[in-house]
Amino acid sequence: KVYLSETGRSKRTIENHLLTLRTLYNKAIRNGLVERSCYPFGGDNIRIQNINSMKIGLDKEEMQSLIDLKYAEGSPKWHTRNIFLVSFYFAGARISDVLRLKWSAIQKDRLIYQMGKNDKVVSLKIPEQAKEILEQYKKDMRFDDDYVFPDLKDADQDDKLATSIRIRTTTKLLNDQLAVLAKEAGITKKISTHIARHTFGN
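**Q** Before we go on, may I ask you to explain the overall build of the protein in this structure?
**A** Counting its regular elements, the protein contains eight helices and three strands. What you see in the protein, going N to C, is helices and strands ordered as α-α-α-α-α-β-β-β-α-α-α. Overall, the C-alpha framework of the protein stretches about 60 × 40 × 25 Å when taken along its three principal axes. The buried share among the 202 residues of the protein stands at 39%. Summarising the internal contacts of the protein: among those between residues at least 6 apart in sequence, 55% fall at separations of at least 24. Accessible surface computed for the protein: about 12,900 Å², of which carbon and sulfur atoms make up 52%. Taking the 35 positively charged and 26 negatively charged side chains of the protein as two groups, their mean positions are separated by 6 Å.

As structure tokens, this is what we get:
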């Protein structure tokens, strides 16, 4: 906890790491790999707090100020805003699903894809605003099953671990860039890729 705190992680992130460790300990104990006496959680040991973080979506005016920002096509800021907007326009799609989006999932006027988190198949009518964004990336399509966005294009599609690591790294970069965009748009709320979900919910 001290190490994660010193590296600048939030309380929520620290607790999430501890939850992962607790899950591993429980599995190890069930499989006879670790003695119950070594369990470091509960009682007088490590306690995991339930931290309710406040995630507030953007309102209409804030969204419009983000849309109105002018960036050069192909620039990192331009791409970051497009990712955020596509997530919003597709009913708050998770960032992992947006980055994994393939051209083969776009069928006529609908987006049909399988959610990475729960394997649920989703079919959405593609809004005009999303069509305009997708069209700007079409010139870079190499084959029908190619990724829409460039972030995973050089990743091995069959290597799930490498893809997952790339998504986490890319998400961190996008969130850092979104903080800059928010400042330039005059948005005082903390903005991240996940806020697109809450914004759509609003």
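Back to the text.
**Q** Could you clarify how one ought to interpret helix H2 (residues 11-30) in this entry?
**A** Given 3.6 residues per turn, any residue in an α-helix points the same way as the ones three and four places further on. Over its 20 residues, H2 extends 29 Å from the first C-alpha to the last, a length consistent with the 28 Å expected when each residue adds 1.5 Å. When we look at burial in H2, the residues that qualify are Ile14, Glu15, Leu18, Ala28 and Ile29. Buried residues of H2, seen end-on, are gathered within an arc of 135 degrees and therefore sit on one face of the element. Exposed residues lying more than 90 degrees from the buried face of H2 are Leu24 and Arg30. Those residues of H2 that are buried are in contact with helix H1 (2-6).

**Q** Just checking my understanding: could you explain the nonpolar core for this structure?
**A** Across soluble globular proteins, nonpolar side chains have a tendency to be buried as a group. Counting residues in each nonpolar core, the largest one holds 45 residues, and the members touching the most others are Leu58, Leu66, Phe84, Phe90, Leu101, Leu134 and Phe149. Broken down by secondary-structure element, the contributors of at least two residues to this core are helix H3 (60-67), helix H4 (76-89), helix H5 (95-99), strand E2 (110-114), strand E3 (121-125), helix H6 (128-135), helix H7 (160-184) and helix H8 (195-201). A per-element tally of this core places H4 first, with seven residues. Beyond its immediate stretch of four places on either side in the chain, Leu58 contacts Met63, Leu66, Phe84, Ile187, Lys189, Ile191, Ile195, Thr199 and Asn202. Counting residues in each nonpolar core, the second largest holds six residues, with Leu4, Ile14, Ile29 and Tyr39 among its members.

**Q** I would appreciate a short explanation of the pattern of salt bridges in the present structure.
**A** Applying the stated criterion across every chain yields a total of 10 salt bridges. Residue Glu62 is joined to Lys189 by a salt bridge in which the shortest nitrogen-to-oxygen separation is 3.0 Å. With a gap of 127 residues between them, Glu62 in helix H3 and Lys189 in the loop between H7 and H8 connect regions that are remote in the sequence. In this structure, Lys102 engages Asp145 in a salt bridge whose closest nitrogen and oxygen atoms are separated by 3.5 Å. One end of the pair, Lys102, is in the loop between H5 and strand E1 (106-107); the other, Asp145, is in the loop between H6 and H7, and 43 residues separate them in sequence. For Asp145, a relative accessible area of 33% puts it in the partly exposed group. Salt bridges here are not isolated pairs; linked through shared partners, they connect Asp109, Glu128 and Lys131.

**Q** Teacher, can you tell me more about the environment of Ile112 here?
**A** Tracing the sequence through the fold places Ile112 in strand E2. Once the C-alpha coordinates of Ile112 and Gly74 are considered, the two residues, 38 residues apart in sequence, prove to be 26 Å apart. Here Ile112 is in contact with Ala105, Gln107, Val121, Val122 and Ser123, once residues within four sequence places are set aside.

**Q** Sorry if this is basic, but what is going on with the sheet that holds E3 here?
**A** Either a parallel or an antiparallel arrangement is found when strands of a sheet pair, and the pairing is made through backbone hydrogen bonds. Read from one edge to the other, the open sheet built from three strands follows the order E1-E2-E3, with strand pairing classed as antiparallel. Whereas interior strands pair on both sides, the edge strands pair on one side only; in this sheet they are E1 and E3.

**Q** Would you mind showing me how to read the environment of Gln64 here?
**A** Within the secondary structure, Gln64 sits in helix H3. Look at Gln64 and you get partly exposed, because its relative accessible area is 41%. Along the backbone, Gln64 and Ala185 are 121 residues apart, and their C-alpha atoms lie at a distance of 9.1 Å.

**Q** Any chance you could explain the packing of aromatic side chains here in plain terms?
**A** In this description, an aromatic ring pair is defined by two values, namely the gap between the centres and the angle between the planes. The tally for this structure, following the rule as stated, stands at seven aromatic pairs. One aromatic cluster is present, built from ring pairs that chain together Tyr25, Tyr39 and Phe41. The aromatic ring of Tyr39 is capped on one face by Arg36, whose charged end is 5.4 Å from the ring centroid.

About the thresholds
Residues numbered from 1 in each chain as written. Predicted model: local features only at pLDDT ≥ 70, side-chain atom pairs only at ≥ 80, totals over all residues. Heavy atoms only, no water. Helix = DSSP H or I, 4+ residues; strand = E, 2+ residues; numbered from the N terminus. Buried < 20%, exposed > 50% of the residue type's maximum accessible area, 1.4 Å probe, protein only. Contact = heavy atoms within 4.5 Å. Areas by Shrake-Rupley, 256 points an atom, 1.4 Å probe, with all protein chains shown as cover. Lys, Arg positive; Asp, Glu negative; His and termini not counted. Charge placed at Lys NZ, Arg CZ, Asp CG, Glu CD. Expected span 1.5 Å × (residues − 1). Arc of directions from axis to C-beta. Core = buried A, V, L, I, M, F, W, Y, C linked by side-chain atoms within 4.5 Å. Salt bridge = Lys/Arg side-chain N within 4 Å of Asp/Glu carboxyl O. Pairing = 2+ DSSP bridges. Phe/Tyr/Trp six-rings, centres within 6.5 Å; stacked < 30°, edge-to-face > 60°. Lys NZ or Arg CZ within 6 Å of the ring centre and 35° of its normal.

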